[in-house]
Amino acid sequence: MNITSSLRFTHWLLVPGLLLLAACEPNGQQPSIDLQQPTHATAQQKVEAVVRVFVDASIKRDFASQYQVVSSADKQVKTLDQYVAEKAPRERTLADSFYQQISYSIEDVKVGDDQALVRVAYRFPDVERMIKERFGLSVLGKITDEKFDSMRQQLEAAYQNKVPPMKHSTRDYQLRKESSGWRIYLGWDKATQNSSASNSQ
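The paragraphs below set out a description of the structure included in this document. (Residues numbered from 1 in each chain as written. Predicted model: local features only at pLDDT ≥ 70, side-chain atom pairs only at ≥ 80, totals over all residues. Heavy atoms only, no water.)

Our next topic: unusual backbone geometry. The backbone of Arg61 sits at a positive phi, close to 55°, despite the residue not being glycine. Of note, Arg61 is situated in the loop between helix H2 (43-60) and helix H3 (63-68). (Helix = DSSP H or I, 4+ residues; strand = E, 2+ residues; numbered from the N terminus.)

Our focus in this paragraph is the pairing of strand E3 (residues 166-178). Taken together, the 11 bridges between strand E2 (residues 115-125) and E3 define a ladder with antiparallel strand orientation. Bridging across to E3, Val118 finds its partner in Tyr173. Across 5 bridges, the pairing between E3 and strand E4 (residues 181-185) is antiparallel. By the bridge assignment, Arg176 is partnered in E4 with Arg183. Connecting E3 to the antiparallel partner E4 that follows it, the hairpin turn spans 2 residues. (Pairing = 2+ DSSP bridges.)

A word on the nonpolar core. The tendency in soluble globular proteins is for nonpolar side chains to be buried as a group. Judged by nonpolar contacts, the single largest core of 29 residues is most densely connected at Val51, Val118, Val120, Tyr173, Leu175 and Ile184. For this core, the elements supplying multiple residues, two or more each, are H2, H3, helix H5 (80-87), strand E1 (103-111), E2, E3 and E4. Element by element, the count of residues in this core is highest for H2, at 7 residues. Apart from residues lying up to four places away in sequence, Ile184 is in contact with Val50, Val51, Phe54, Val69, Val70, Ser71, Asp74, Tyr173, Gln174 and Leu175. Counting 11 residues, the second-largest nonpolar core is a separate cluster that includes Leu94, Met130, Phe135 and Tyr159. (Core = buried A, V, L, I, M, F, W, Y, C linked by side-chain atoms within 4.5 Å. Buried < 20%, exposed > 50% of the residue type's maximum accessible area, 1.4 Å probe, protein only. Contact = heavy atoms within 4.5 Å.)

Structure follows, in structure tokens:
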């Protein structure tokens with residue numbers, strides 16, 4: 001196992017698809033999520049509620065719940081099964097023991113008639129710094145599964161009763177207003193079009 005993959009957080013936080021544990025819905029079934037808002041809720045409140053569903057599901061690695069609030073344009077490109085299969089496989093990382101300490105806040109919300117832009121600020125454990133402080137640069141090489149488990153246990157013990165060093169990152173989310181409500185637009189359709197155009201050249 002390469003230590004680079006051991007240090008890597010999952011899509012999710014830093015890149016679409018944030019670092020985290022928690023299983024997806026059994027059998028790929030789409031869970032029931034109540035996205036209904038009071039009739040007096042403002043457009044901004046509705047937009048924020050959808051973003052929170054998406055981000056919370058990302059942290060929990062609940063990809064079925066994430067998919068439920070993805071735009072219809074994106075769903076034309078990837079089915080739920082395809083999305084779950086794409087996101088689920090991954091190697092263990094030393095960050096897995098600290099995912100509970102990930103937090104986020106909505107920093108900015110811009111809402112138009114049918115589009116919105118939301119900036120989310122993430123705060124999460126700086127596992128790379130933790131490893132360097134605890135083990136030094138000597139770990140920057142191949143490690144066995146046995147050594148990986150030993151390192152994980154030592155990190156957990158070292159930060160059991162204290163706050164680990166933290167990192168910050170931001171990500172902007174685009175939303176589109178559809179007949180079913182606001183939905184996260186990930187641009188899968190554009191990515192497919194660009195890929196097709198490149199292949200035709």
